[in-house]
2 protein chains.
Amino acid sequence: MDDEKKAHSELGLPNPYLNSLDGDFLYHLGYSSLEARNGFTKDGVSHSFQDVKFVVMGGSSGRMRSFAEVIAREINHPVQTAEQLDIHRTDRYAFYKIGPVLSVSHGMGVPSITILLHEITKLLSYAGAKDAVLIRIGTSGGIGVPPGTVVITDKTFNGFLKEEHELVVLGERKVRPAVIDQELARAIQSSQSDARFQTVLGGTMCTDDFFEGQGRVDGAVCEHSDEQKMDFLRRAHSCGVVNIEMECTAMSSLCRLTGYKCAAVCVALLDRLKGDQVKIQEEEYKSFGMRPQSLVASFIKSRLSS
Amino acid sequence: MDDEKKAHSELGLPNPYLNSLDGDFLYHLGYSSLEARNGFTKDGVSHSFQDVKFVVMGGSSGRMRSFAEVIAREINHPVQTAEQLDIHRTDRYAFYKIGPVLSVSHGMGVPSITILLHEITKLLSYAGAKDAVLIRIGTSGGIGVPPGTVVITDKTFNGFLKEEHELVVLGERKVRPAVIDQELARAIQSSQSDARFQTVLGGTMCTDDFFEGQGRVDGAVCEHSDEQKMDFLRRAHSCGVVNIEMECTAMSSLCRLTGYKCAAVCVALLDRLKGDQVKIQEEEYKSFGMRPQSLVASFIKSRLSS
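In this text the structure is predicted, and so the values were computed from the model without any measurement. (Residues numbered from 1 in each chain as written. Chains lettered and ligands numbered in written order. Predicted model: local features only at pLDDT ≥ 70, side-chain atom pairs only at ≥ 80, totals over all residues. Heavy atoms only, no water.)

Section: the overall build of chain A
Going by this rule: Every helix listed is a DSSP run of H or I at least four residues long, and every strand listed is a run of E at least two residues long, numbered separately from the N terminus. Radius of gyration means the value over C-alpha atoms here, while the globule rule gives 2.2 Å times the residue count to the 0.38 power. Relative accessibility under 20% of the residue-type maximum defines a buried residue, over 50% an exposed one, and the middle range a partly exposed one, all with a 1.4 Å probe and only protein chains included. Calculation of accessible area relied on Shrake-Rupley with a 1.4 Å probe; when residues are assessed, cover is drawn exclusively from the protein chains displayed. Only four residue types enter the charge count: Lys and Arg as positive, Asp and Glu as negative, with His and the chain ends excluded. Where a charge lies is defined by one atom per residue type, namely NZ (Lys), CZ (Arg), CG (Asp) and CD (Glu).
Secondary structure summary: chain A contains nine helices and 14 strands in total. On C-alpha atoms alone, chain A measures out to a radius of gyration of 19 Å, which is about the 19 Å that the 2.2 N^0.38 rule sets for 306 residues. Taken along the three principal axes of its C-alpha coordinates, chain A extends 60 × 45 × 35 Å. With 306 residues in all, chain A has 63% of them scored as buried. Carbon and sulfur atoms form 48% of the exposed surface of chain A, whose accessible area is close to 11,400 Å². Considering chain A, the positive charge centre built from 34 side chains and the negative charge centre built from 39 side chains are found 3 Å apart.

Below you can see the structure in the form of structure tokens.
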């Protein structure tokens, strides 16, 4: 109990109440603070979170399964199959551990990634992995960039085109700065080893919906005109927004508070200046989806070997 | 093309642009408007969405898999295994069809369920299943009710304790009424066949986060005090809130616009007036989780036989 208190007080997270928690169960991940600190056993093999250097996150569980195998190959991890790398305990998030890399799904949207970020930064902090870097790999709608372009986010904007993140706490609206690490973004871009696709550094807008929230006119409900949509997309583009997704301001604002560096690497599936529907052939979709994985794998490999 | 236009114009959804869409691909479900209207084939068997009367949704994919088998048994559906009932096409949402019932996961939070609601109401409308009822089954934090109580939502509140849903569209904040069907809520309550648990009709608060957004003091970040949390939870309770989850105002506001009736049936896993941590034994967790499934299965069975 004294040890638990001491560990909590050394966490460095901006929550004084963690000091007095008598054990912390990370409900959506299914791990306890004790396991984060002391390690856990799976199939008779001991594992620890202490060595984690990279947390790679993405919306889809299939993508994070794929990334687990990609990074295992890239870093010559002794275990290479997703089944053996799988450490998930709940069906809320897919969860793989590949040596110093965690590959985790975050679901879709701010609330889902927010829950993950609270729990994963506590897990890392309990484990003493304070220098870990968090990287989101995703899909997105581009603005003014060709489909297939990989956007490395250098600014995060909310739906009001402000570099802020809004949340409601105890009945009051809170507004937090949503600023992302520039150096990390550039380092990821410069680590590209596969020259078969374009990357750009650019602004990413985070919305709370895919249809109305991103100005689409093909949802079940639409109360604006196509002209109003185009005006807004052009306005966003003139602010430096080159792609739209649904998580980045939550990540940048929370990581700023918890002290973890983060990055967002998303491929654009379409150019929203040319339409709303995501109509893309299966093969191209798969190939586009691999690009952020390939880039982030190169980055991790270069960091681990430096 | 003319048929497509005619079908769209008969949709009854509040989006005039659907009339001029040249086919609509429901990207996150993986089905097209053509399949919604004409049916689809899986393993050589033809299926249609036209007969859908109930869409049951829940956050977790495992729960919706379980519900698929529960409802198959209850309604004596010829096919009873989840594998055979599975019609998912993407890893965004689990998706099962059991005769007139769809069992679909919606992930966690407003953005994730909003995407599903746009696509599923379009799917139902394209299929001509305009009378289908949407029911969310979930877990929640209770306020002033014992753990294990099943709350059937009769009012939906946002984090400001208003019966409203906020969204940001084209850079502007929109506020919509978040009102839920009273008759449907009462009908679900009165269909209870398993008397081993308590149900209550009550208010449900929807938040955009599990930690700060629900006033918890055990997240990675906490800028309020335990006393402020308790004051807010008591204030919410005095407004009629008996449980907190993360989807209901999105559902009630969107269903009001699209014309679909909806309900929320969530078990309370803990009483938030007594703490923040979800510490519950595996067996009890499973048994609590089955309660909304059991109640909604009874409701569907009674409706189908009446």
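Notes on the interface of chain A and chain B
Formally: Should any heavy atoms of two residues lie within 4.5 Å, those residues are counted as being in contact. By buried area we mean the combined loss of accessible area, with a 1.4 Å probe, across both parts when two parts are placed together. Every case where a carboxyl oxygen of Asp or Glu lies within 4 Å of a side-chain nitrogen of Lys or Arg is listed as a salt bridge. We call two N or O atoms a polar contact when they sit within 3.5 Å, provided that within protein one can donate a hydrogen and the other can accept it, with sequence-adjacent residues counted only if both atoms are side-chain atoms.
The interface of chain A with chain B comprises 76 residues on the first partner and 76 residues on the second. Summing both sides of the interface, chain A and chain B together bury roughly 6,100 Å²; the carbon and sulfur share of this comes to 57%. Per-residue buried area on chain A facing chain B is highest for Met108(A), Leu170(A) and Ala220(A); these three make up 13% of the total on that side. Counting across the interface, chain A meets chain B through eight salt bridges. When the shortest N-O distance is used, the salt bridge between Arg176(A) and Glu212(B) registers 2.5 Å. Taken together, the connections running from chain A to chain B amount to 32 residue pairs in polar contact (both at pLDDT 80 or more).

Looking at unusual backbone geometry
Residues and elements named next belong to chain A. The backbone phi angle of Asn76 is positive, close to 50°, even though this residue is not glycine. In this structure, Asn76 sits in the loop between α3 (61-74) and α4 (82-85). Residue class for Asn76 comes out exposed when judged on its relative accessible area of 64%.

Notes on the nonpolar core
Here is the rule: Working definition of a nonpolar core: buried Ala, Val, Leu, Ile, Met, Phe, Trp, Tyr and Cys residues. They are joined through side-chain atoms within 4.5 Å.
Among the nonpolar cores identified, the biggest contains 85 residues, and Phe67(A), Phe49(B), Ile120(B) and Leu134(B) are the most heavily contacted of them. Filtering out sequence-adjacent residues up to four positions away, Phe67(A) remains in contact with Val56(A), Val101(A), Ser103(A), Ile137(A), Gln293(A), Val296(A), Ala297(A) and Ile300(A). Counting 84 residues, the second largest nonpolar core, distinct from the first, contains Val133(B), Ile135(B), Val150(B) and Ala297(B).

Things to note about the pairing of strand β9 (residues 150-157) of chain B
Residues and elements named next belong to chain B. Threshold: The criterion for strand pairing is that DSSP finds at least two bridges linking the strands in question.
Counting buried positions over the eight residues of β9 gives six, a clear majority of the element. Bridge count for β9 against strand β12 (residues 199-206) is seven bridges, and the pairing is parallel. Across the sheet, the residue bridging to Thr156 is Thr204, located in β12. Pairing geometry for β9 and strand β14 (residues 261-271), over three bridges, is antiparallel. Its bridge partner lying in β14, Ile152 is registered against Val265.

A few points about the UniProt feature "binding site: substrate" (unreviewed entry) in chain A
Residues and elements named next belong to chain A. Basically, it comes down to this: UniProt positions are given in the numbering used here, feature names are shortened, and annotations may be inferred rather than shown by experiment.
Mapped onto this numbering, the UniProt entry annotates "binding site: substrate" (unreviewed entry) at Gln214 and Arg216. Locating Gln214 in the fold gives a position in the loop between β12 (199-206) and α7 (226-238). Here Gln214 is in contact with Thr207, Asp209, Leu233, Ile244, Glu245, Met246 and Arg272, once residues within four sequence places are set aside. By secondary structure assignment, the location of Arg216 is in the loop between β12 and α7. Within polar-contact distance, the side chain of Arg216 engages the backbone oxygen of Phe210 at 2.8 Å.

Here we look at the side chain of Gln277(B)
Within the element layout of this structure, Gln277(B) appears in the loop between β14 and α9 (282-305). Looking at Gln277(B), the relative accessible area reads 17%, which means it is buried. A polar contact of 2.6 Å, which involves the side chain of Gln277(B), links it to the side chain of Asp24(A). Of the polar contacts made by the side chain of Gln277(B), one reaches the backbone nitrogen of Phe25(A); its length is 2.8 Å.

Here we look at the UniProt feature "domain: Nucleoside phosphorylase" (unreviewed entry) in chain A
The feature "domain: Nucleoside phosphorylase" (unreviewed entry), as annotated in UniProt, sits at residues 53-300 of chain A in this numbering. In residues 53-300 of chain A, helix accounts for 35% and strand for 27%; the two terminal C-alpha atoms are 9 Å from one another.

Let's talk about α3(A)
All names here are of chain A. Basically, it comes down to this: Between the first and last residue of a helix there are one fewer steps than residues, each counted as 1.5 Å, and that sum is the expected span.
A rise of 1.5 Å per residue sets the reference length of α3, with its 14 residues, at 20 Å; its end C-alpha atoms lie 20 Å apart and thus fit the reference within 8%. Every buried residue belonging to α3 is among Arg63, Met64, Phe67, Ala68, Val70, Ile71 and Ala72, and all of these are buried. If you follow the buried residues of α3, they end up packed against β5 (54-58), α4, β6 (95-98), β7 (101-105), β8 (133-142) and α9 (282-305). The positive-phi residue at the C-terminal boundary of α3 is Asn76, with phi of around 50°.

Topic: the packing of α3(A) against α9(A)
All names here are of chain A. Stated precisely, the cut-off is as follows: Axes, fitted as lines to C-alpha atoms, cover a helix only where it is in contact. Angles between the N-to-C directions of the axes lie from 0 to 180 degrees. Each helix crossing is assigned a hand: it is left-handed if the near helix lies turned anticlockwise from the far helix by less than a right angle, otherwise right-handed if that turn is clockwise. By the convention adopted, Pro, Cys, Tyr, Trp, Phe, Met, Ile, Leu, Val and Ala count as nonpolar, Lys, Arg, Asp and Glu as charged, and the other residues, Gly among them, as polar.
Their axes nearest at 10 Å, the elements α3 and α9 cross at an angle of 35°. Here α3 runs over α9; the crossing is right-handed. Facing α3, whose interface residues are Arg63, Ser66, Phe67, Val70, Ile71 and Glu74, α9 presents Met290, Gln293, Val296, Ala297, Ile300 and Lys301. Taken together, the residues of the contact of α3 with α9 break down into seven nonpolar, two polar and three charged.

As for the packing of aromatic side chains
We count it as follows: Note on ring pairs: Phe, Tyr and Trp rings are taken, using the six-membered ring of Trp, and paired if centres are within 6.5 Å. Classes follow the plane angle, with under 30 degrees stacked, over 60 edge-to-face and the rest tilted.
Taken as a whole and assessed by the stated rule, the structure comprises 18 aromatic pairs over all chains. A centroid spacing of 6.2 Å and a plane angle of 85° characterise the contact between Phe54(A) and Phe299(A), whose relative ring orientation is edge-to-face. One end of the pair, Phe54(A), is in strand β5; the other, Phe299(A), is in helix α9, with 245 residues separating them in the sequence. By relative accessible area, Phe54(A) is classed as buried at 5%. Their ring planes at 80° and their centres at 5.8 Å tell us that Tyr31(B) and Phe95(B) sit as a pair that is edge-to-face.

Observations concerning the relation of the copies chain A and chain B
Rules: Here the copies are matched by least squares. The fit uses the C-alpha atoms of residues with pLDDT of at least 70 in both.
Here chain A sits on chain B after a turn of 180° about the axis and a move of 0.0 Å along it, with an RMSD of 0.0 Å. Here the transformation between the copies is reduced to the relation of a two-fold axis. When C-alpha distances to the rotation axis are compared across chain A, the minimum falls at Gly107(A), with a value of 3.3 Å. An overlap of 100% is found between the interface residues of chain A and their copies at the interface of chain B, pointing to a shared contact surface.

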